[in-house]
Protein chains: 2
Amino acid sequence: MSDIRKAYVRPLDIKHGRVDMAHGAGGRAMAQLIEELFAKYLGNEYLAQGDDGALLPPPGEGRLVMATDAHVVSPLFFPGGDIGSLSVHGTINDVAVMGAKPLYLSAAFIVEEGFKLADLARIVQSMAAASLAAGVPVVTGDTKVVERGKGDGVFITTTGIGLVAPGRELSGRCARPGDAILVSGTLGDHGMAIMAERESLGFESPIVSDTAALHGLIEAMQDSGADIHVLRDPTRGGLATTLNEIARQSGVGMMLEEKCLPVNRAVSAACEFLGLDPLYVANEGKLVAICAERDAGKLLAAMCAHPLGEAAAIIGRVHQDEHHFVQMSTIFGGKRIVDWLSGEQLPRIC
Amino acid sequence: MSDIRKAYVRPLDIKHGRVDMAHGAGGRAMAQLIEELFAKYLGNEYLAQGDDGALLPPPGEGRLVMATDAHVVSPLFFPGGDIGSLSVHGTINDVAVMGAKPLYLSAAFIVEEGFKLADLARIVQSMAAASLAAGVPVVTGDTKVVERGKGDGVFITTTGIGLVAPGRELSGRCARPGDAILVSGTLGDHGMAIMAERESLGFESPIVSDTAALHGLIEAMQDSGADIHVLRDPTRGGLATTLNEIARQSGVGMMLEEKCLPVNRAVSAACEFLGLDPLYVANEGKLVAICAERDAGKLLAAMCAHPLGEAAAIIGRVHQDEHHFVQMSTIFGGKRIVDWLSGEQLPRIC
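Residues numbered from 1 in each chain as written. Chains lettered and ligands numbered in written order. Predicted model: local features only at pLDDT ≥ 70, side-chain atom pairs only at ≥ 80, totals over all residues. Heavy atoms only, no water.

Explain the interface of chain A and chain B to me, please; I cannot follow it from the model alone.
When the parts come together, some accessible area is lost, and that loss is often what is quoted as the size of the interface. Chain A puts 89 residues into the contact, and the matching count from chain B is 88 residues. When the area that chain A buries against chain B is broken down by residue, the three leading residues are A:D52, A:M66 and A:R236, summing to 12%. Viewed at the interface, chain B and chain A are joined by 14 salt bridges. Across the pair A:D69 and B:K144 runs a salt bridge, and its minimum N-O distance is 3.9 Å. At the level of secondary structure, the elements contributing two or more residues to the side of chain A that touches chain B comprise α1 (2-8), α2 (28-42), β1 (54-56), β2 (63-71), β5 (100-112), β6 (138-146), β7 (154-164) and α7 (238-250) of chain A. Tallied by class, the residues present in the side of chain A that touches chain B amount to 40 nonpolar, 27 polar and 22 charged. In terms of strand pairing, β1(A) meets strand β2 (residues 63-71) of chain B through 3 bridges, oriented antiparallel. Each residue of the ladder has a partner; that of A:L55, found in β2(B), is B:V65. (Contact = heavy atoms within 4.5 Å. Buried area = accessible area lost by both parts, 1.4 Å probe. Salt bridge = Lys/Arg side-chain N within 4 Å of Asp/Glu carboxyl O. Helix = DSSP H or I, 4+ residues; strand = E, 2+ residues; numbered from the N terminus. Nonpolar A, V, L, I, M, F, W, Y, C, P; charged D, E, K, R; others polar. Pairing = 2+ DSSP bridges.)

Where do I start with the pattern of salt bridges in this structure?
For side chains bearing opposite charge, pairing can occur when the charged atoms are close. By the definition in use, this model includes 35 salt bridges over all chains. A salt bridge links A:D152 to B:K150; the nearest nitrogen and oxygen atoms lie 3.9 Å apart. With A:D152 in the loop between β6 and β7 and B:K150 in the loop between β6 (138-146) and β7 (154-164), this residue pair bridges two chains. For A:R336, the salt bridge goes to A:D277, with nearest N and O atoms at 3.2 Å. Taken as a pair, A:R336 in strand β14 (residues 335-337) and A:D277 in the loop between α8 (265-274) and β11 (288-291) lie far apart in primary sequence, 59 residues in all. Shared partners join several salt bridges into a network, and the residues in it are A:D51, B:R173, B:R232 and B:E245.

For this particular structure, what's the right way to read α8(A)?
Three- or four-residue spacings in an α-helix give side chains the same orientation, since the helix completes a turn every 3.6 residues. Residues and elements named next belong to chain A. Every buried residue of α8 is accounted for by V267, A270 and C271. The buried residues of α8 occupy an angular sector of 100° when the element is viewed end-on, so they sit on one face. The exposed residues of α8 that point more than 90 degrees off its buried face are R265, E272 and F273. Residues of α8 that are buried make contact with α5 (189-198). Immediately beyond the C-terminal end of α8, within one or two residues, lies G275, with a positive phi of roughly 70°. (Buried < 20%, exposed > 50% of the residue type's maximum accessible area, 1.4 Å probe, protein only. Arc of directions from axis to C-beta.)

Where do I start with the sheet that holds β6(B) in this structure?
Across a sheet, paired strands are connected by hydrogen bonds in the backbone, their directions being either parallel or antiparallel. The mixed open sheet is built from 5 strands, whose spatial order is β1(A)-β2(B)-β7(B)-β5(B)-β6(B). Lying at the two open borders of the sheet, with one neighbouring strand each, are β1 of chain A together with β6 of chain B. Strand-to-strand, the axes of this sheet are offset by a mean angle of 20°, without reference to chain direction. (Axes fitted to C-alpha atoms, helices over the stretch in contact; angles between N-to-C directions.)

What's the story with the environment of B:H324 in this structure? I'm lost.
Considering the arrangement of structural elements, one finds B:H324 in the loop between β12 (313-319) and β13 (326-329). Polar contacts involving the side chain of B:H324 include one to the main-chain carbonyl oxygen of B:E322, which spans 3.4 Å. (Polar contact = N/O pair within 3.5 Å; in protein donor to acceptor, adjacent residues only side chain to side chain.)

What is the right way to read the packing of aromatic side chains from this model?
Each aromatic ring pair is summarised here by two numbers: the centre-to-centre distance and the angle between the ring planes. Residues and elements named next belong to chain A. Overall, the coordinates contain 5 aromatic pairs over all chains when judged by the stated rule. With centroids separated by 4.7 Å and ring planes inclined at 55°, the aromatic side chains of F38 and F109 adopt a geometry described as tilted. Here the residue F38 occupies a position in helix α2, and F109 occupies one in strand β5, the gap between them amounting to 71 residues. Grouping residues by exposure puts F38 and F109 together as buried. (Phe/Tyr/Trp six-rings, centres within 6.5 Å; stacked < 30°, edge-to-face > 60°.)

Explain the pairing of β5(A) here, please?
Look at any regular strand and the pattern is simple: side chains alternate between the two faces of the sheet. Residue and element names in this part refer to chain A. By the criterion of burial, β5 is predominantly enclosed, with 12 of the 13 residues buried. Both β5 and β7 contribute to a ladder of 11 bridges, which runs antiparallel. Looking across to β7, one finds that F109 is bridged to I156. Here β5 pairs with β6 via 8 bridges, running parallel. Pairing of F109 across the sheet is with T143, part of β6. Note that the unit made of β5, helix α4 (residues 117-134) and β6 has a crossover that is right-handed. (Right-handed = clockwise from strand over helix to strand, strands pointing away.)

See below:
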């Protein structure tokens, strides 16, 4: 819209400006916001089409995967990331744990009137960097503005599509008695980074979110040749909730070994301080894998060889259980049920 | 999760209950909300997979289209529809105007704490009815809850994917001098229905939103054999903004005939009363088509033969213009520039 900008409007004042209702109204102000902010940072051949959607190449052979996530994390900026990078990683991971190669993302912004353009620019730049690093472009988007007090800074909904190579089958329904349960690294880092930031807790060592795109790690795991039955990223509700979901979907029970669960010392201390259990705290760069028992060692080796899986561990086994309970052998030698998260532990964690 | 529900919780009290923070926390309350509300009404084989995304069949030959829309309409319920049906129609239309057959939708909900479950159920039912009528299933979703005062009832972001048959090419960049410009019906119905509801204006005849899925009409238009260059749905910013966007994308000018613009009498009266111009008021069930001049009659006939195109009209012509102006011959015999919407005319209209 260079012709329009030259003729009618001054460039956006990204340093001092704020979002107003006109930026979501569909007219010239919105076109300018799209051009000078979204397209500038996220730009690619698909966004550049400038239509109401993106026209994409034929995806190739295989089944499609579609996943969507609304991101409402508070605060918007936290150690290790922000809502921009998180909204890219979260949806890429949802696509990748289905066994798919993530291809494209869409992004829809709901911005509160009065939000600083500088903060919006910082978020979009972070999103662009995460998208570029992951090799998954944001091909289409939307922007809406709501009145002050009707939103909370910015919410970002991303949707991803991916392609599953023929013959691959991963689902929460595929866990079988005897299977091994692995995690790719330490538990609870993201949730505790958010909590520490939100509550202004001054822990000795800063806790950093683990937000990361896991499709590279998953690719390496699949290349190992291990017979993987289930992949899942334990976000809201943490590992405990994710395993309960899988146990329900597959109609099985699980037994975890508490001594095998990897938890960072700082996270462990912070959880104790706040009365939280790291098993229920959200992760944004970790995955759970369930595989045939005989392949557990091979899969663990592949995970440990990848930068995002260095602290991977085998943490338990699947067994038959008509009640679909997830249980844990504690470090004191007892057993306890690892129940569903029943209420709100950590709201707005992603 | 019947095992869980039986063992631990009472059914949701949809009649009297309200959404609380736990419904977005990823635990048992969220699983229950998904099962007893979202899955109950939107249920299909893909949602039933219960994974973080949907695994979909190979899409077939052709290019993909992806489009996304955040819906923040206020009020949530209005004559002719609600945010549920609107969020299905809006995204289907964005996919369809790219020349694609809409295949699947995702839906992400951001709900404000305290929102009535009865209203949420009404919205999800409306969404389900719209999805069923259009033949485009909601295959995956997400639910987040934000604290009271950090949202506004419910926001819904839908994303759609579709398939473009080989050889088809529709884009805002394809308008050519000499082309005819058509609209599929009356202008401004959606926006004025929202405004009348919002301002509690008691117009004599009620104004009803035109919200509708346009892919059937588009199919009929393509089957007519007319050489269609551009399709677009004139939503936010209305026809004027949409035509300015196309003029910019294609590098052309346009001349409209004011006497040919179809506007309902009630909308026209309401616009006059409120000092609005129907050219800038949003539509949610109308499209603009630009086609080769020689095919205009054939295309108009195909549109008029479809229930959603009965009031279709040829409203102008494309011409060469290095300034990319959209102009209009007025009923008084003069000419005026139909400029971009420059500020906020109608916030939160979709």
